[in-house]
Amino acid sequence: MCHQVVEKTLKCYWCVCRDDDPPYIHDHKKIAQGCGLFTKMSEEQLTFLERIKPLNIEARYQEFKDEVARTLNRESTADILDKTKQLHAWILERMKEK
């Protein structure tokens, strides 16, 4: 769900900044580029987007479930959750600026 939290928050930002609807895609990078957030993101945030990219594949394609699950443990999952909360809050703060 962390992937979707970030995706939906980016799309929400898109709606605040633009008059058109966000695209029906799941690619955080493309959404962030389209709404103007990509160039404002830190290297850590951009790296995190790449890190959680495969998590959407796991949710949508059962055959990748085991492969993705092997990359996760209690520590990495807690880190992903923490970074998701931080990025979510950061995007919401950018929305307040609009």
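Structural data are supplied above this passage.
Residues numbered from 1 in each chain as written. Predicted model: local features only at pLDDT ≥ 70, side-chain atom pairs only at ≥ 80, totals over all residues. Heavy atoms only, no water.

### Overview of helix α5 (residues 74–97)
Put simply, the test is: Each helix corresponds to a stretch of at least 4 residues labelled H or I by DSSP, and each strand to a stretch of at least 2 residues labelled E; elements are numbered beginning at the N terminus. A helix's residues, less one, multiplied by 1.5 Å, set its expected span. Relative accessible area decides the class of each residue, using a 1.4 Å probe on protein chains only: under 20% of the type maximum gives buried, over 50% gives exposed, and in between gives partly exposed. Whenever two N or O atoms come within 3.5 Å, that pair is a polar contact, provided that in protein one can donate a hydrogen and the other can accept it, and provided that, for residues adjacent in sequence, both atoms are side-chain atoms.
Taking 1.5 Å per residue as the helical rise, α5 with its 24 residues ought to reach 34 Å, and the 35 Å between its terminal C-alpha atoms agrees with that figure. Turning to α5, its buried residues number three or more, namely Ser76, Ile80, Thr84, Leu87, Trp90, Ile91, Arg94 and Met95. You can read the cap of α5 off the contacts: a side-chain oxygen lies 2.9 Å from the backbone nitrogen of Glu75, and it is on Asn73.

### Here we look at helix α1 (residues 2–17)
Helix length check: α1 (16 residues) gives 23 Å between terminal C-alpha atoms against 22 Å at 1.5 Å per residue, within 8%. Among the residues of α1, those classed as buried are Cys2, His3, Val6, Glu7, Thr9, Leu10, Lys11, Tyr13 and Trp14.

### Notes on the packing of α1 against α5
For the record, the criterion: Angles run from 0 to 180 degrees between N-to-C directions of axes, and those axes are lines fitted to C-alpha atoms, restricted for helices to the stretch in contact. Roughly parallel means an angle under 35 degrees; roughly antiparallel, over 145; roughly perpendicular, 65 to 115; everything else is oblique. For this analysis, residues touch if any pair of their heavy atoms sits within 4.5 Å. Side-chain classes follow a simple rule in which Ala, Val, Leu, Ile, Met, Phe, Trp, Tyr, Cys and Pro form the nonpolar group, Asp, Glu, Lys and Arg form the charged group, and the remainder, Gly included, forms the polar group.
Relative orientation of the contacting elements α1 and α5 amounts to 5 degrees, with a least axis distance of 10 Å. The angle between α1 and α5 falls in the class roughly parallel. Listed contacts from α5 to Cys2, Val5, Val6, Thr9, Leu10, Cys12, Tyr13 and Val16 of α1 are Ile80, Leu81, Thr84, Leu87, His88, Ile91, Leu92, Arg94 and Met95. Tallied by class, the residues present in the contact of α1 with α5 amount to 13 nonpolar, three polar and one charged.

### Observations concerning the state of the cysteines
The condition is simple: For this text, the term disulfide refers to a pair of cysteine sulfurs within 2.5 Å.
Applying the stated criterion across every chain, the model contains zero disulfides. Among the cysteines around Cys2, which has no disulfide bond, Cys12 carries the closest sulfur, lying 18 Å off. Given the relative accessible area of 15%, Cys2 is considered buried. In this model Cys12 remains outside any disulfide bridge; the closest cysteine sulfur is found in Cys15, 6.5 Å from its own. Of the residues examined, Cys12 reaches a relative accessible area of 38% and is grouped as partly exposed.

### Some thoughts on the environment of Lys85
With respect to the helices and strands, Lys85 occurs in helix α5. Take Lys85: its relative accessible area is 54%, and that puts it in the exposed class. C-alpha of Lys85 to C-alpha of Val5: the two residues are 80 residues apart in sequence and 8.8 Å apart in space.

### Examining the pattern of salt bridges
Note the cut-off: We count a salt bridge whenever a side-chain nitrogen from Lys or Arg sits within 4 Å of a carboxyl oxygen from Asp or Glu.
This structure, assessed with the given rule, holds seven salt bridges. Note that Lys11 is salt-bridged to Glu7, the shortest N-O span being 3.1 Å. Remark: Glu7 and Lys11 occur in helix α1; sequence separation between them is four residues, near one turn of the helix. Exposure class is identical for Lys11 and Glu7. Each is buried. Across the pair Arg51 and Asp79 runs a salt bridge, and its minimum N-O distance is 2.4 Å. Of the two residues, Arg51 sits in helix α3 (residues 43–60) while Asp79 sits in helix α5, which places them 28 residues apart along the sequence. On the basis of relative accessible area, Arg51 is assigned to the partly exposed category, the value being 34%. Overall, Asp79 belongs to the partly exposed group, its relative accessible area being 25%. In the salt-bridge network here, residues are joined through shared partners; they are Glu7, Lys8 and Lys11.

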